[in-house]
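Spelled out from the first residue to the last, the chains are:
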Amino acid sequence: AKQEGAKLECGGERMPCKGYFVKPTVFSNVTEDMRIAQEEIFGPVQSILKFTDIEDVLDRCNATEYGLAAGVFSKDIATATYMAHNLKGGITWVNCANVITTQTPFGGFKGSGFGKELGEDAMKEYCEMKTVVMKVDKKNS
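Keep in mind it's a predicted model, so treat the numbers as computed, not measured.

Student: Sorry if this is basic, but what is going on with helix H2 (residues 54–62) here?
Tutor: Every α-helical turn comprises 3.6 residues, leaving residues that sit three or four positions apart pointing alike. Those residues of H2 lying buried are Asp56, Val57, Leu58 and Arg60. Looking at the packing, one finds that the buried side of H2 touches helix H3 (77–86). Residue Asp53 occupies the N-cap position of H2, its side-chain oxygen lying 3.3 Å from the main-chain nitrogen of Glu55.

What follows is the structure, given as structure tokens:
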């Protein structure tokens, strides 16, 4: 990210333990064309992007090839609801993050997964629906 012009605000180093862990990391001056803004990062990395208005945010968020999850933080319930309905993600958290229950389907859109985990919808991943239509004579019914 630094090579593309993002500014490392904090973190970025490996954790002093076994494995591939990094310290919580924050980058500013990120633009939507940078790799860090286009790829799914599964780690404690925050990218800060400037925006002009809500439509700018929606356009940029929905322009990526991924759509696992989204988070909206707002004191305005109308804005939060508008964002939640228009973000193209499998789950959208409003004023919270990473809340997952066994009753709530979880899974992404676009390049962020196939199908759903958890909830009743997950069971459909293990089923193959079939319809049979048969004409039956009246005397046999």
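Student: What is the right way to read the sheet that holds strand S1 (residues 7–10) from this model?
Tutor: Strand pairing in a sheet takes place through backbone hydrogen bonds and is either antiparallel or parallel in direction. Strand order in the open sheet formed by three strands is S1-S2-S3, and the pairing between neighbours is mixed. Edge positions in the sheet fall to S1 and strand S3 (45–47), since each has one partner strand and no second. In this sheet, neighbouring strand axes are inclined to one another by 25 degrees on average, regardless of whether the strands run parallel or antiparallel. The sheet contact formed by strand S2 (residues 25–28) and S3 spans three bridges and is parallel. Residue pairing in the sheet places Val26 in a bridge with Gln46 of S3.

Student: Got a minute to help me understand the pairing of strand S5 (residues 69–72) in this structure?
Tutor: A regular strand places its side chains so that they alternate between the two faces of the sheet. Because side chains alternate across S5, one face comprises the buried residues Ala70 and Val72, and the other comprises Ala69 and Gly71, none of which is buried. Where S5 meets strand S6 (residues 91–94), four bridges bridge the pair, whose relative direction is parallel. Residue Ala69 lies in a different strand from S6, and its bridge partner there is Ile91. Handedness of the crossover is the feature at issue here: the chain leaves S5, passes through H3, returns alongside S6, and the resulting connection is right-handed.

Student: Explain the environment of Ile77 to me, please; I cannot follow it from the model alone.
Tutor: With respect to the element layout, Ile77 can be found in helix H3. Distance from Ile77 to Val94, taken between C-alpha atoms, is 9.3 Å for residues 17 residues apart in sequence.

Student: I'm lost on the nonpolar core in this one. Help?
Tutor: Nonpolar side chains in soluble globular proteins tend to be buried together. Ranked by size, the top nonpolar core spans seven residues in total: Val57, Leu58, Ala70, Val72, Ala80, Met83 and Leu87. Broken down by secondary-structure element, the contributors of at least two residues to this core are H2, S5 and H3. When near neighbours in sequence (up to four residues on either side) are disregarded, Val57 contacts Phe51 and Met83. Core analysis: the second largest hydrophobic core is formed by five residues, Ala6, Phe27, Met34 and Ile36 among them.

Student: Just to check I follow, could you spell out the pattern of salt bridges for this structure?
Tutor: Note on pairing: side chains with opposite charge can pair once their charged atoms come close. What the rule picks out here adds up to five salt bridges. A salt bridge links Glu9 to Lys7; the shortest N-O distance between them is 3.9 Å. Given the relative accessible area of 41%, Glu9 is considered partly exposed. Where Glu32 meets Arg60, a salt bridge forms, and the shortest distance between an N and an O atom there is 2.8 Å. Here Glu32 is found in the loop between S2 and helix H1 (35–38), whereas its partner Arg60 is found in helix H2, with 28 residues between them in sequence. Within this structure, Glu32, Asp56 and Arg60 form a network of salt bridges that share partners.

Student: Honestly, unusual backbone geometry in this entry has me stumped. Any pointers?
Tutor: Peptide bonds are, in most cases, trans, and in most cases residues other than glycine have a negative phi. Phi at Asn29 takes a positive value of approximately 60 degrees, unusual for a residue other than glycine. Note on placement: Asn29 falls in the loop between S2 and H1. Take Asn29: its relative accessible area is 45%, and that puts it in the partly exposed class. In this structure, Asn98 takes a positive phi of about 60 degrees despite not being glycine. Along the chain, Asn98 turns up in the loop between S6 and strand S7 (109–110).

Definitions and cut-offs
Residues numbered from 1 in each chain as written. Predicted model: local features only at pLDDT ≥ 70, side-chain atom pairs only at ≥ 80, totals over all residues. Heavy atoms only, no water. Buried < 20%, exposed > 50% of the residue type's maximum accessible area, 1.4 Å probe, protein only. Helix = DSSP H or I, 4+ residues; strand = E, 2+ residues; numbered from the N terminus. Contact = heavy atoms within 4.5 Å. Polar contact = N/O pair within 3.5 Å; in protein donor to acceptor, adjacent residues only side chain to side chain. Pairing = 2+ DSSP bridges. Axes fitted to C-alpha atoms, helices over the stretch in contact; angles between N-to-C directions. Right-handed = clockwise from strand over helix to strand, strands pointing away. Core = buried A, V, L, I, M, F, W, Y, C linked by side-chain atoms within 4.5 Å. Salt bridge = Lys/Arg side-chain N within 4 Å of Asp/Glu carboxyl O.

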